[in-house]
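Results of the structural survey
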Amino acid sequence: MKLTIHPTYQDNVTAAALFILVDANTLRTTADHYKIKNLDSITQAVQFKSGFNESLSLTAQDNLPAFSQLIGLGSSSELQLAKLAQTIVKTAQKKFSSIAVDLSVLPQELHYIFALSLTQAAYGFDEFKTKKNEFVLEQIQLIATQSPLTAHQLKFIEAVHTGQNFARDLGNRPGNICFPEYLADQALALAEEFPDLLKVTVLNEQHMADLGMGAFLAVSKGSERPGRMITLEYKANLEQAPIVLVGKGITFDTGGISLKPGAGMDEMKFDMCGAASVLGTVRALCESRLPIHVVAAIAAAENMPSGKATRPGDIVTTMSGQTVEILNTDAEGRLVLCDALTYIQRFNPALVIDVATLTGACVIALGSVLTGLFTPDDELAQELTQAGQQSFDRVWRMPVIDDYQEQLDSPFADIGNIGGPKAGSVTAACFLQRFTRDYRWAHLDIAGTAWNSGTHKGATGRPVPLLMQFLANRAEQHG
């Protein structure tokens, strides 16, 4: 999506459609500015009150495109901006290649989020449909008499849009298409596209066995699809310790021997959305060319029941040397992640952020609005919280403290892979913490925010906006 910003509609705006955000206090000035004829009588005739998401089509206006609409702002908040963006894009995406949106009435601090929301609304997934969406919208020309938006920021939003859509596409592809080797191929294709920016390494199961990744292999060995550990190093030539992003890539999760209920199991193709968001972030980094050293690690496996699958009660040795009693094979994400979190120590990270659809407990706690943030590092928590507010891809800090660790005690091994029914998202984070004590670390549980269910089922691409904003802030601070 191409974004531009203009001070007035008359200033080089060539869009075939115009959307003007208004509220009750700006209707009169809008009519004067755009020379709209008979606006008072029109609004009275149709009882247009500038309520939230209320629209009014303007016809026979000499100074405006044939398709022009007023969009009511009501008492708008940031949350509602996404709905306004969806209304505008849904109206335009099959009709116009270019539209103009006058957002002058919005508070300037919301311009960035609204522009980002417009790009996020411009998405559809029709890869496996015979009848395609036929979307034609390619450009959005923003209009504001005063705005903090710069051309540089709009380019950054475009990069985030590309990366987020890439993550959504990966998440939406089914398990028979998107499996561990496929994710590895996607990483290699990215490196071919950006050879000056990326270096990719793919470990097969023999490599992982040689490294002692017993927890990872305990998950992948039940599937006919072999697991892969994938790393992508971005701007490796920079003389700085990298930020490492680790993504859970369970391309399909049956639960293994601890089999999940059949209802809703189709959505377990989304269990690799942590990996998808990390790959999407890498693509956005390449598009934006942020001056920052980043390593992305993808722990890709399929969790299946078979004669080779891990049994509840099995004990495995992790790459760190710690032993784990696998009490529930459906708590597999933490098993692939713990070995990945040990493996990435070789990069001497400045800090590590893992991203995972880890626990249903986090969905119960936070729903689909906020991502769960777990870290013992107050400064890192503040940075991620701020980035979440800036990108409107928000997080909520949850505890990860030693008081919960005893729930993971095992009579037979160093640690159990579940901690019982209480505080499931917290004990999952505490499990990961045991493998991250040598560096700064945060865990993002995106089980509630990575995809939507129901009639609008599909991957969201979160938390690509959060991660990109975090990395942009770090690049600015440490550049």
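What you are looking at is a predicted structure, and each value in this text was computed from that prediction instead of being measured.

Next up on the list: the side chain of Gln93. Counting through the fold element by element, Gln93 comes out in the loop between α3 (78-92) and β5 (98-102). Accessibility expressed as a relative area gives 12% for Gln93, which makes it buried. Excluding residues within four positions of it along the chain, Gln93 makes contact with Ala121, Ala122, Glu134, Phe135, Val136 and Leu137.

For the largest pocket, the calculated volume is near 1600 Å³. Taken together, 45 residues form the lining of the largest pocket, with Gln86, Gln120, Arg168, Asn452 and Thr460 sitting closest to its centre. Those elements that provide at least two residues to the lining of the largest pocket are α3, α4 (111-121), α5 (151-172), β18 (451-452) and β19 (458-459). Broken down by element, the residue count for the lining of the largest pocket peaks at six residues, all from α3. The class makeup of the residues in the lining of the largest pocket is 16 nonpolar, 17 polar and twelve charged. Here the second largest pocket is characterised by a volume of approximately 710 Å³. If you trace the second largest pocket, you find 33 residues lining it, with Lys260, Asp330, Leu358, Thr359 and Gly360 closest to the centre. Counting only elements with at least two residues in the lining of the second largest pocket, the list comes to β9 (243-253), α11 (360-366) and α13 (424-433). Its residues placed into classes, the lining of the second largest pocket shows twelve nonpolar, 13 polar and eight charged.

As a further point, take the nonpolar core. Considering soluble globular proteins, one finds that nonpolar side chains tend to be buried as a cluster. Membership of the largest hydrophobic core comes to 100 residues, with the highest contact counts inside it found for Ile99, Phe114, Leu183, Leu232 and Ile353. Leu232 has contacts with Ala187, Leu190, Leu198, Lys199, Val200, Leu279, Val282, Val294, Val295, Ala296 and Ile298, leaving out every residue within four places of it along the chain. Judged by nonpolar contacts, the second largest core, of 48 residues, contains Ala218, Val219, Met398 and Val400.

Now for α5. Helix length check: α5, at 22 residues, gives a terminal C-alpha distance of 31 Å against a target of 32 Å (1.5 Å per residue), a fit within 8%. Most of α5 is tucked away: 16 of the 22 residues are buried.

Let's shift gears to α13. Burial analysis of α13 places ten of its ten residues in the buried class, which makes it a mostly covered element. Looking at α13, one finds that the buried residues are Gly424, Ser425, Val426, Thr427, Ala428, Ala429, Cys430, Phe431, Leu432 and Gln433.

Position of Val324 among the secondary structure elements: in strand β12 (residues 323-325). For Val324, the contacting residues outside a window of four places in its chain are Asp314, Ile315, Val316, Thr318, Leu335, Ala413, Ile415, Gly416, Asn417 and Phe431.

Before going further, it helps to examine the packing of α4 against α5. Contact geometry for α4 and α5: axes closest at 10 Å, N-to-C directions at 35 degrees. α5 is crossed by α4, and the crossing has right-handed handedness. Side by side, α4 and α5 meet where Tyr112, Ala115, Leu116, Thr119 and Gln120 of the first sit next to Gln153, Phe156, Ile157, Val160, His161, Gln164 and Arg168 of the second. Considering only residue class, the contact of α4 with α5 consists of six nonpolar, five polar and one charged.

Turning to the packing of α5 against helix α14 (residues 464-478), a few remarks are in order. It is at 9 Å that the axes of α5 and α14 come closest, and there the two elements cross at 140 degrees. Relative to α14, the element α5 is oriented oblique. In this structure, α5 crosses over α14, and the sense of that crossing is right-handed. Residues Phe156, Val160, Gly163, Gln164 and Ala167 of α5 lie in contact with α14, whose contacting residues are Val464, Pro465, Met468, Gln469 and Ala472. Partitioning the contact of α5 with α14 into residue classes produces seven nonpolar, three polar and no charged.

A word on the sheet that holds strand β7 (residues 198-203). Strand order across the open sheet formed by eight strands is β7-β8-β10-β9-β13-β17-β14-β15, with mixed pairing between neighbours. This sheet does not close on itself; its edge strands, each paired only once, are β7 and β15 (395-398). Strand after strand, the sheet turns through a mean of 20 degrees between neighbouring axes, direction not considered. Both strand β14 (residues 371-374) and β15 contribute to a ladder of four bridges, which runs parallel.

Residue placement: Trp396 occurs in strand β15. A relative accessible area of 51% places Trp396 in the exposed class. Along the sequence, Trp396 and Ser97 sit 299 residues apart, while their C-alpha atoms lie 38 Å from each other. Not counting chain neighbours up to four residues away, the residues in contact with Trp396 comprise Leu366, Leu370, Thr371, Gly372 and Leu373.

Take the packing of aromatic side chains next. Enumeration according to the criterion identifies seven aromatic pairs in this entry. Of the aromatic side chains, those joined through ring pairs into one cluster are Phe19, Phe67 and Phe96. Above the plane of the ring of Phe179 lies Arg225, whose end atom (NZ or CZ) is 3.7 Å from the centre. When the ring centre of Phe166 is taken as reference, the NZ or CZ atom of Arg283 above it lies at 5.1 Å.

What follows concerns the side chain of Gln433. You can see Gln433 is positioned in helix α13. A relative accessible area of 6% means that Gln433 is categorised as buried. Looking at Gln433, its side chain comes within polar contact range of the side chain of Gln405, at 3.3 Å. Each residue touching Gln433, except ones within four places of it in the same chain, is listed here: Pro376, Val400, Asp402, Gln405 and Trp441.

Okay, the sheet that holds strand β16 (residues 415-416) next. Spatially, the three strands line up as an open sheet ordered β11-β12-β16, and their pairing is mixed. The sheet is open, and its two borders are formed by β11 (315-317) and β16, each paired with just one other strand. Pairing analysis gives three bridges linking β11 to β12, with the strands arranged antiparallel. Note on β12: the bridge partner recorded for Thr317 is Thr323.

Thresholds applied
- Residues numbered from 1 in each chain as written.
- Predicted model: local features only at pLDDT ≥ 70, side-chain atom pairs only at ≥ 80, totals over all residues.
- Heavy atoms only, no water.
- Helix = DSSP H or I, 4+ residues; strand = E, 2+ residues; numbered from the N terminus.
- Buried < 20%, exposed > 50% of the residue type's maximum accessible area, 1.4 Å probe, protein only.
- Contact = heavy atoms within 4.5 Å.
- 1 Å grid on protein atoms, 1.4 Å probe; cavity = no way out; pocket = protein on both sides within 12 Å on 5 of 7 lines; lining within 4 Å.
- Points joined across faces, edges and corners; volume = space filled by probe spheres on them.
- Nonpolar A, V, L, I, M, F, W, Y, C, P; charged D, E, K, R; others polar.
- Core = buried A, V, L, I, M, F, W, Y, C linked by side-chain atoms within 4.5 Å.
- Expected span 1.5 Å × (residues − 1).
- Axes fitted to C-alpha atoms, helices over the stretch in contact; angles between N-to-C directions.
- Left-handed = near helix turned anticlockwise from the far one by under 90°.
- Parallel < 35°, antiparallel > 145°, perpendicular 65-115°, else oblique.
- Pairing = 2+ DSSP bridges.
- Phe/Tyr/Trp six-rings, centres within 6.5 Å; stacked < 30°, edge-to-face > 60°.
- Lys NZ or Arg CZ within 6 Å of the ring centre and 35° of its normal.
- Polar contact = N/O pair within 3.5 Å; in protein donor to acceptor, adjacent residues only side chain to side chain.

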